[in-house]
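Residue-level listing of the chains:
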Number of protein chains: 2
Amino acid sequence: MFAAASAHPNIAFIKYWGNRDSLLRLPLTGSLSMNLDGLETRTRVWFDADFSADSFSLGGVEQGEESLARVSAFLDRARELAGCGLWARVESENNFPTGAGIASSASAFAALALAASAALGLSLSEQQLSALARRGSGSACRSVPDGFAEWLPGSADADSYAVQVAPPDYWDLVDLIVVLRSEHKAVGSTEGHALAGTSPLNGLRVAGAPERLIECRQALLARDFARLARVVEADSHWMHAVMRTSTPPLFYWTAGTETVLWHVLDWRKRGRAVCATVDAGPNVHVITAGAEKTWVEARLRELPGVQQVLCARPGPGARLI
Amino acid sequence: MFAAASAHPNIAFIKYWGNRDSLLRLPLTGSLSMNLDGLETRTRVWFDADFSADSFSLGGVEQGEESLARVSAFLDRARELAGCGLWARVESENNFPTGAGIASSASAFAALALAASAALGLSLSEQQLSALARRGSGSACRSVPDGFAEWLPGSADADSYAVQVAPPDYWDLVDLIVVLRSEHKAVGSTEGHALAGTSPLNGLRVAGAPERLIECRQALLARDFARLARVVEADSHWMHAVMRTSTPPLFYWTAGTETVLWHVLDWRKRGRAVCATVDAGPNVHVITAGAEKTWVEARLRELPGVQQVLCARPGPGARLI
């Protein structure tokens, strides 16, 4: 009973922040993202009657209690679906720098969902696989379909999953991930989501999300960069406004973050197809048209505080390997 | 040798932040503002051979060394212009709450410039008076002309002053000043201006200011609220981006500030003529069309953290009383 799978992280154009049900990870709003080719998690899973407990290694390092508990809880869900009581061995690797502030939980749980379900002999539809991945990490459900995916918030466990909006080759976009020095360890997403409801702006953000989702989907399908840029930046700003006004407040931006954001705005004003979005950390995802990549990347590398710039095009979904 | 004058504070639609020459208060960029009717400083000045030193009372309270030194230095400039060596007595009152975070230095030095120059028998043009007021506090030069004023940065002391862009009755705008709880004493403007150059965004802000100034002036003259709203908010955001990325960083916004800003954005999206701008403190100046005032003011009073909402229409400049 063995299987191996790969999956990619994704960058949300319309963000996921806050849950209606934090145990099931049913989100307050829908969200929309692009898988990131080039950045990859590869995961191998064995279920075996000889194992006396679950175990989990990441990048060759055996993981301690906290990480293991999250993986085990996820495996329990997969075992429940398969009616199987065997312990598992999970080995996982990321090809992108850990600790650089690039969230890996999306690719991790998308790859694990596929590898574990395949090893258990489950034959899940893409939607069922996406819903399963969601139980490990909300945004993981968006790493299951190929290319650009929209997470339909749904009403319950079974209908809260992501579907493809467009395949990877639909639009030649590039995500230039600007890795910045982080002054402090960011509050983890799971912990952060729980604070969304404490912000006086949360209701307003949630109320506006459906309109932004439609706008983003239409801009994407029309390959209209200017329209995409406006809604992607507005949605990122809304999420950070909620974060900053929650109790306790979450400040993910650093001076380096703002320096990148405002330069991007200036470049777009001068006619460049470029916009920016920020997740729960200081790094900036600079989205640009493929034709602009070289120019934008060179400018980004000149900005103060920039440690490295990673480049990702629209990527595939979770795959067996 | 006595005179009395009144002047009003002003709210900048295009901001002043940073000096080319901090002693002369020659700014890095031009700026544009509206005088605030209803909020007023009244100042009386006597020069008398019987005085043995300058003295200064504010709201009936004799002011200590620091305040007095700033007033004395300003009076020295006026005495220099008049060739007069007499000491002065200055008595000043604001009709708006001090310590509520409404900057009073603009109205204070505009009123003092007029009262002192009149008491000294100087007959200054409006431009000369504006340049004199600038020496006390940069933004005071904009409180000298009636209504809406633009500070032309100029090249030296004599040609750095404000001129009228439109009279007070040109456009029925209202500034709803949302007074919020402040968690900390704000860094004073004089000190803050000196930090502008430490921000990696300062050059970009300065480079974009002339275009924003033209846009703001044209929007004002065309009475085009949507156009005014965009440039007023963009310019305020640029200033705060510079502040937050300076060394040390200056964070003037609080959660209350953001709550107001994002609601204003939402109201405008729903068709209301409303926008917002923030100076060097947490309070939000919500600019709205006169016809919207009642609706907007009622909504503002419902938001969390709002202590009071003051209302000001376009006001006159400095006047002898």
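Residues numbered from 1 in each chain as written. Chains lettered and ligands numbered in written order. Predicted model: local features only at pLDDT ≥ 70, side-chain atom pairs only at ≥ 80, totals over all residues. Heavy atoms only, no water.

Undergrad: What is the right way to read the relation of the copies chain A and chain B from this model?
TA: Two copies of the chain are present, and they differ by a rotation about an axis and a shift along that axis. By a simple turn and slide, chain A fits onto chain B: the slide is 0.1 Å along the axis, the RMSD is 0.0 Å, and the turn is 180°. Within this description, the copies of the chain are treated as partners about a two-fold rotation axis. Mapped onto chain B, 100% of the interface residues of chain A again fall at the interface, so both copies present the same surface. (Least-squares fit on C-alpha atoms with pLDDT ≥ 70 in both. Contact = heavy atoms within 4.5 Å.)

Undergrad: When you look at the interface of chain A and chain B in this model, what are you seeing that I'm missing?
TA: How big an interface is tends to be stated in terms of accessible area lost as the parts join. The partner chain B presents 17 residues to the 17 residues of chain A that form the contact. Of the roughly 1700 Å² buried where chain A meets chain B, counting both sides, 69% is carbon and sulfur surface. The largest per-residue losses of area from chain A upon contact with chain B belong to Leu204(A), Glu258(A) and Trp262(A), which jointly make up 31% of the total buried on that side. Applying the counting rule to chain A against chain B returns 4 salt bridges. A salt bridge links Glu258(B) to Arg244(A); the nearest nitrogen and oxygen atoms lie 2.5 Å apart. Here chain A is connected to chain B by 4 residue pairs in polar contact (both at pLDDT 80 or more). If you list the elements that add at least two residues to the side of chain A that touches chain B, you get helix H5 (202-221), helix H6 (225-244) and helix H7 (255-269) of chain A. (Buried area = accessible area lost by both parts, 1.4 Å probe. Salt bridge = Lys/Arg side-chain N within 4 Å of Asp/Glu carboxyl O. Polar contact = N/O pair within 3.5 Å; in protein donor to acceptor, adjacent residues only side chain to side chain. Helix = DSSP H or I, 4+ residues; strand = E, 2+ residues; numbered from the N terminus.)

Undergrad: Hey, could you run me through the packing of aromatic side chains in this one?
TA: Any aromatic ring pair is given by two values, namely how distant the centres are and how the planes are angled relative to each other. Residue and element names in this part refer to chain A. Taken as a whole and assessed by the stated rule, the structure comprises 15 aromatic pairs over all chains. Centroid distance Phe2 to Trp46: 4.9 Å. Interplanar angle 40°. Geometry classified as tilted. Within this pair, whereas Phe2 is found in strand S1 (residues 2-7), its partner Trp46 is found in strand S6 (residues 41-48), the two being separated by 44 residues in sequence. Residue Phe2 is classed as partly exposed on the basis of its relative accessible area of 41%. (Phe/Tyr/Trp six-rings, centres within 6.5 Å; stacked < 30°, edge-to-face > 60°. Buried < 20%, exposed > 50% of the residue type's maximum accessible area, 1.4 Å probe, protein only.)

Undergrad: Can you help me understand the pairing of strand S6 (residues 41-47) of chain B in this one?
TA: In summary, the side chains of a regular strand alternate between the two faces of the sheet. All names here are of chain B. Only one face of S6 is covered, namely the one carrying Thr41, Thr43, Val45 and Phe47; the face carrying Arg42, Arg44 and Trp46 has none of its residues buried. In this structure, strand S1 (residues 2-7) lies alongside S6, joined through 6 bridges in antiparallel fashion. What sits directly across from Ala5, in S6, is Thr43. Sheet analysis places S6 next to strand S9 (residues 88-94), joined by 7 bridges and oriented antiparallel. Each bridged residue has a counterpart across the sheet, and for Val45 the counterpart in S9 is Val90. (Pairing = 2+ DSSP bridges.)

Undergrad: Is there a simple way to think about the sheet that holds strand S16 (residues 319-320) of chain A in this case?
TA: Sheet strands pair by backbone hydrogen bonding; their relative direction is either parallel or antiparallel. All names here are of chain A. A sheet is described by the order of its strands in space; here 6 strands give the open sequence S8-S7-S9-S6-S1-S16, paired in mixed fashion. In the strand order of this sheet, the two ends are held by strand S8 (61-62) and S16, each with one partner. Of the strands in this sheet, S6, strand S7 (55-58) and strand S9 (87-94) are in contact with helix H1 (residues 65-82), which crosses S9 at around 120°. (Axes fitted to C-alpha atoms, helices over the stretch in contact; angles between N-to-C directions.)

Undergrad: What is the right way to read the confidence of the model for chain A from this model?
TA: One rule of thumb: low pLDDT means the predicted coordinates there are not for detailed reading. Chain-level pLDDT for chain A is 95 on average; 98% of the residues reach the 70-or-more range. Both confidence scores are given for the complex: pTM 0.92, ipTM 0.88. (pLDDT = per-residue confidence, 0-100.)

Undergrad: Just to check I follow, could you spell out the domain arrangement of chain A for this structure?
TA: Residue and element names in this part refer to chain A. Under the domain assignment, chain A is made up of domain 1 (2-168) and domain 2 (170-312). Using only C-alpha atoms to locate each centre, domain 1 and domain 2 end up separated by 23 Å. Between domain 1 and domain 2, the contact holds 30 residues from the first and 42 residues from the second. The junction of domain 1 with domain 2 conceals about 2900 Å² of combined surface from both sides, 71% of it contributed by carbon and sulfur atoms. If you sort the residues of domain 1 by the area they bury against domain 2, Phe13, Lys15 and Trp17 come out on top, with a joint share of 31%. Across the contact surface, domain 1 and domain 2 share 2 salt bridges. Across the pair Asp279 and Lys15 runs a salt bridge, and its minimum N-O distance is 2.6 Å. Connecting domain 1 to domain 2 are 8 residue pairs in polar contact (both at pLDDT 80 or more). At the level of elements, strand S2 (10-14), strand S5 (31-35), strand S10 (148-152) and strand S11 (161-166) are the ones that each hand at least two residues to the side of domain 1 that touches domain 2. Broken down by element, the residue count for the side of domain 1 that touches domain 2 peaks at 4 residues, all from S2. A per-class count over the side of domain 1 that touches domain 2 returns 19 nonpolar, 6 polar and 5 charged. (Domains from an automatic or database assignment. Nonpolar A, V, L, I, M, F, W, Y, C, P; charged D, E, K, R; others polar.)

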